[in-house]
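Report on the structure
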Amino acid sequence: MKRISAVLAGIGLSVVIGMPVFAAAPVNTSAAFFSWLSSQGSLSDAQRGDARKAYALITEGTTSGIEMRATPRVPLSTTFAQTDLTDSSDATNIELLSESMDAVQKCNELRAGEGKSPYSISSTLMAIGEINANYGDTDWSWHTETFSTGENLAWGQHDVNEAFYDWFDEEKPTQGGHYRNIVYDYSVTGFGMTAHRTYAQEFDYDYPGISVSSYKNYLESYQNTYREVHLLYNAASDNYFYLYDENVIQQLVAAGFEDRGVCFATPAASSAPVYQMANKDARHYYSVNEEEAKELSENGWTVEGVAFYSASPQDGIPVYCAFNGEKGEYLYTTSRAEADSFVAAGLTDGGIAFYALPYNR
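Residues numbered from 1 in each chain as written. Predicted model: local features only at pLDDT ≥ 70, side-chain atom pairs only at ≥ 80, totals over all residues. Heavy atoms only, no water.

Ordered in space as β9-β8-β10, the 3 strands form an open sheet in which the pairing is antiparallel. Where the open sheet ends on each side, the last strands, each with one partner, are β9 (284-287) and β10 (302-309). Direction aside, the axes of adjacent strands within the sheet are offset by 30 degrees on average. Lying over the sheet, helix α11 (residues 290-297) contacts β8 (273-278), β9 and β10, oriented at roughly 15 degrees with respect to β8. (Pairing = 2+ DSSP bridges. Helix = DSSP H or I, 4+ residues; strand = E, 2+ residues; numbered from the N terminus. Axes fitted to C-alpha atoms, helices over the stretch in contact; angles between N-to-C directions. Contact = heavy atoms within 4.5 Å.)

Right, here's the structure in full:
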């Protein structure tokens, strides 16, 4: 069987559909979303520019065009240092970003009850909220005062509803500062939360905004540009399966497979389909080489179709293959260390099978 790394060297893969070429961050982070958002023609120049500012801020700590405090309590270098795009508990995690949008919706419901119009979302303020929430995980003493925004912070609450209860319900009788931030006439907001339940909501006037419903739609559209491929394992048959379709995953789990979570992410489409093949023992092999798929089909393998798509070598990360000759099983991983451990345990190095997108697990 041909080494896939050699095959890939001769294939010209196109840029991943829907993904901006400069988004090197894991696809399931706000940074990658901001990058994608900045290329959407349906947005205004100002809104795209706001997304570019958010991307530069959250990836590099760049503050061009962002209002900063002249005398911050915590300097930007210290505040920003707590943001880690590779940490799944970081406020930049895309699932936490989605929850943050729900928090803004909650804020707008409270405003509506006070006869106020809804806040729209600024990407820059979302990035500021994420940075301040991440820093808040390490320092519960006070606001950083790094950025020139209005801000509500909360630590240790059970959930965001409890945070809003403290900010809004508890302070409404005395017109406290957190309550006033929620009901005052700012025009835009942003929200960051960590997996440790630190919350930071930012308020301002000067950044362009997008309605909450539209922002949610953009996030959904962005998430449809990639696929989260799960590793499924059946202990009874000692069989591995790699797939992204949630319905099929649920069917296999019901049939006795163990869902071991997301193994890697791939683009929703590209010029390099990854074919899924199975031998007579239902062992699965994945290849971007169509000729190899045809060759295997002539030798008793079943070509089950396109499993997912490969990213390009320029934009992706290698997915390594290792072959267990004793079991006839192929294993795939984006971890070079794990691939090396497979080889050290006696498996055959299959080289680079295809390319995945950077993903934070």
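A few words on the environment of A265. Here A265 is to be found in strand β7 (residues 258-267). Placed 91 residues apart in sequence, A265 and A356 show a C-alpha to C-alpha distance of 5.6 Å. Apart from residues lying up to four places away in sequence, A265 is in contact with V27, Y226, R227, A356, L357 and Y359.

Right, let's talk about α11 for a bit. All of the buried residues along α11 are E292, A293 and L296. Axial view of α11: buried residues confined to an arc of 105 degrees, hence all on one face. (Buried < 20%, exposed > 50% of the residue type's maximum accessible area, 1.4 Å probe, protein only. Arc of directions from axis to C-beta.)

Turning our attention to the side chain of E202. Relative to the assigned elements, E202 resides in strand β4 (residues 199-204). The side chain of E202 sits in the buried core without any salt bridge; R69 is the nearest counter-charge, 8.0 Å away. Separated by 3.3 Å, the side chains of E202 and N132 make a polar contact. Within the structure, the side chain of E202 is placed 2.7 Å from the side chain of T149, a separation counted as a polar contact. (Lys, Arg positive; Asp, Glu negative; His and termini not counted. Salt bridge = Lys/Arg side-chain N within 4 Å of Asp/Glu carboxyl O. Polar contact = N/O pair within 3.5 Å; in protein donor to acceptor, adjacent residues only side chain to side chain.)

Before going further, it helps to examine the sheet that holds strand β13 (residues 348-356). One open sheet holds the 3 strands; their spatial order is β12-β11-β13, and the pairing between them is antiparallel. Only two strands of the sheet have a single neighbouring strand rather than two, namely β12 (329-333) and β13. For this sheet, the mean inter-axis angle between neighbouring strands, taken without regard to orientation, is 30 degrees. The pairing of strand β11 (residues 317-324) with β12 spans 5 bridges and is antiparallel. If you follow N324 over to β12, its bridge partner there is E329. Its contacts with the sheet put helix α12 (residues 336-344) on β11, β12 and β13, and the angle it makes with β12 is roughly 155 degrees.

Next up on the list: the pairing of strand β6 (residues 239-243). When you tally the buried positions in β6, you get 5 out of 5 residues, the bulk of the element. Neither face of β6 is open: one carries N239, F241 and L243, the other Y240 and Y242, and all of them are buried. Bridge analysis of strand β5 (residues 226-234) against β6 gives 5 bridges, and the strand direction is antiparallel. Note that in β6 the partner of L231 across the bridge is Y242. Linking β5 to β6, which pair antiparallel, is a turn of 4 residues; within it D238 sits at a positive phi near 55 degrees.

The residue sitting at the N-terminus of helix α10 (residues 246-254) and contributing the capping side-chain oxygen is D245; that oxygen lies 2.9 Å from the backbone nitrogen of N247. Looking one or two residues beyond α10, the residue adopting positive phi is G256, at roughly 115 degrees.

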